Amino acid sequence: MLRLHLGPADLCRVRFADRLHPVGTALLAGQWLRDPTVAAMAPTLAERAAAVEGTGDAQAATATLRHLLPARGRLPDFVTPLSGLESVEAGLDAIRATPAERIRVETIEAYAQVATSPLRRRFAAADPEVLDLFGGAVRTWFEAVLAPLWPDLTSAYRQQVTCASQRLAQHGLDGLLAGLHPAIRWREPVLEVRTWWSGELPGTGHGLILLPSPLAGPRPRVLVQPGHPILLVYPTVLPTLGATTEGDSLGRLLGATRALVLRRLANEGGMTTTVLSRAVGISLSSASEHATALRSAGLVASEREGGAVRHHLTALGAELSSGSSGGSAIRQAAGRPPVLP
């Protein structure tokens, strides 16, 4: 457990990242997809990665990244820099600008459970040729795997930020921090994060940047550098990737997370709030908020079951999730109270 002791200067500067980081997202996704169990949660992305990694430059890029970076757990912080949001090249420039000593320290720490090899030793030594090889591998993998899906990922990111911003407006900073993810717990003034490393750290005094990402992996990621804001990357629901705008009418109407809640309820026939939060990968408070909004729209009915509340689809909700009536159910839902995130 990582415990971040945030001071007033940090809490006055809580904000969301402007956008997803192309290089950081690519490296987290590449690591994430190496776990077959996790990859099964994103079949479209996993299938695309497998298809492009089978031949040519993409295959070589995949082999390079898998050799230089751990299969799971904490990555060297310098490969997911704070700067370089604008493009893949900007992110790679930020990596190349990392001091050699920092590269050495962070890479050796990341390699603690990994067998040594000549290429890994040269990477830890900040060998320019190996850093160029690494940068070329990141560029190739991003272009082959993520670039075609990038519009879907960035759209989902905007929806996540919109939803979280509404939670901030309705419930204040305490409500926002408490509802980020089940692995994040807010106990003022301490933010507890179940990440890949443990410790007690003070805030930096430069704020907290929140970055919801569907490809962060099973645990949140935290980057703490003196003199900079703390970066907290936390997992969110993976959107439907590669779908056309027309083909994802439900997501357009409800937002990616709320559409997934509706589909989970359709598949399972009913869930308690606790089970629903686990199935979708959101906090208990977020699951309750989404169920309330869907209930207000007439898509979900809820009933108390002992000490829990069970949610199931109404006839309109079932019709909307199945798409059996084409656009008629969506038009009916659109005429009800707003349910956009």
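Structure first, text after, so check above.
For the structure given in this document, a descriptive report is provided here. This one's a predicted model, so the numbers in the text were calculated from it and none came from an experiment. (Residues numbered from 1 in each chain as written. Predicted model: local features only at pLDDT ≥ 70, side-chain atom pairs only at ≥ 80, totals over all residues. Heavy atoms only, no water.)

## Looking at the nonpolar core
Where a protein is soluble and globular, its nonpolar side chains tend to be buried together. Ranked by size, the top nonpolar core spans 68 residues in total, and within it Leu 27, Leu 45, Phe 123, Phe 134, Leu 146, Leu 191 and Leu 232 carry the most contacts. Per-element accounting of this core gives the leading share, ten residues, to helix 9 (residues 128-146). Setting aside residues up to four positions removed in sequence, Leu 232 forms contacts with Leu 180, Ile 184, Leu 191, Val 193, Leu 208, Ile 209, Leu 210, Leu 211, Pro 220, Arg 221 and Val 222. Counting 20 residues, the second largest nonpolar core, distinct from the first, contains Leu 262, Leu 265, Ala 287 and Leu 313. (Core = buried A, V, L, I, M, F, W, Y, C linked by side-chain atoms within 4.5 Å. Buried < 20%, exposed > 50% of the residue type's maximum accessible area, 1.4 Å probe, protein only. Helix = DSSP H or I, 4+ residues; strand = E, 2+ residues; numbered from the N terminus. Contact = heavy atoms within 4.5 Å.)

## Topic: the sheet that holds strand 9 (residues 271-272)
Here we have three strands laid out as an open sheet, ordered 9-11-10, and antiparallel in their pairing. Lying at the two open borders of the sheet, with one neighbouring strand each, are strand 9 and strand 10 (300-305). Alignment of strand 9 against strand 11 (residues 308-313), held across two bridges, turns out to be antiparallel. Paired with Thr 272 across the strands is Arg 310, a residue of strand 11. Running over the sheet, helix 14 (residues 284-296) touches strand 10 and strand 11 and is turned about 125 degrees from strand 10. (Pairing = 2+ DSSP bridges. Axes fitted to C-alpha atoms, helices over the stretch in contact; angles between N-to-C directions.)

## Describing the pattern of salt bridges
Across all of its chains, the model carries 13 salt bridges by this definition. Arg 139 serves as the salt-bridge partner of Glu 89, at 2.5 Å between the closest nitrogen and oxygen. Placement of the pair is Glu 89 in helix 6 (residues 88-96) and Arg 139 in helix 9, with a sequence separation of 50 residues. Note that Glu 305 and Arg 310 form a salt bridge whose closest N and O atoms lie 3.0 Å from each other. (Salt bridge = Lys/Arg side-chain N within 4 Å of Asp/Glu carboxyl O.)

In short, geometric facts, not functional conclusions.
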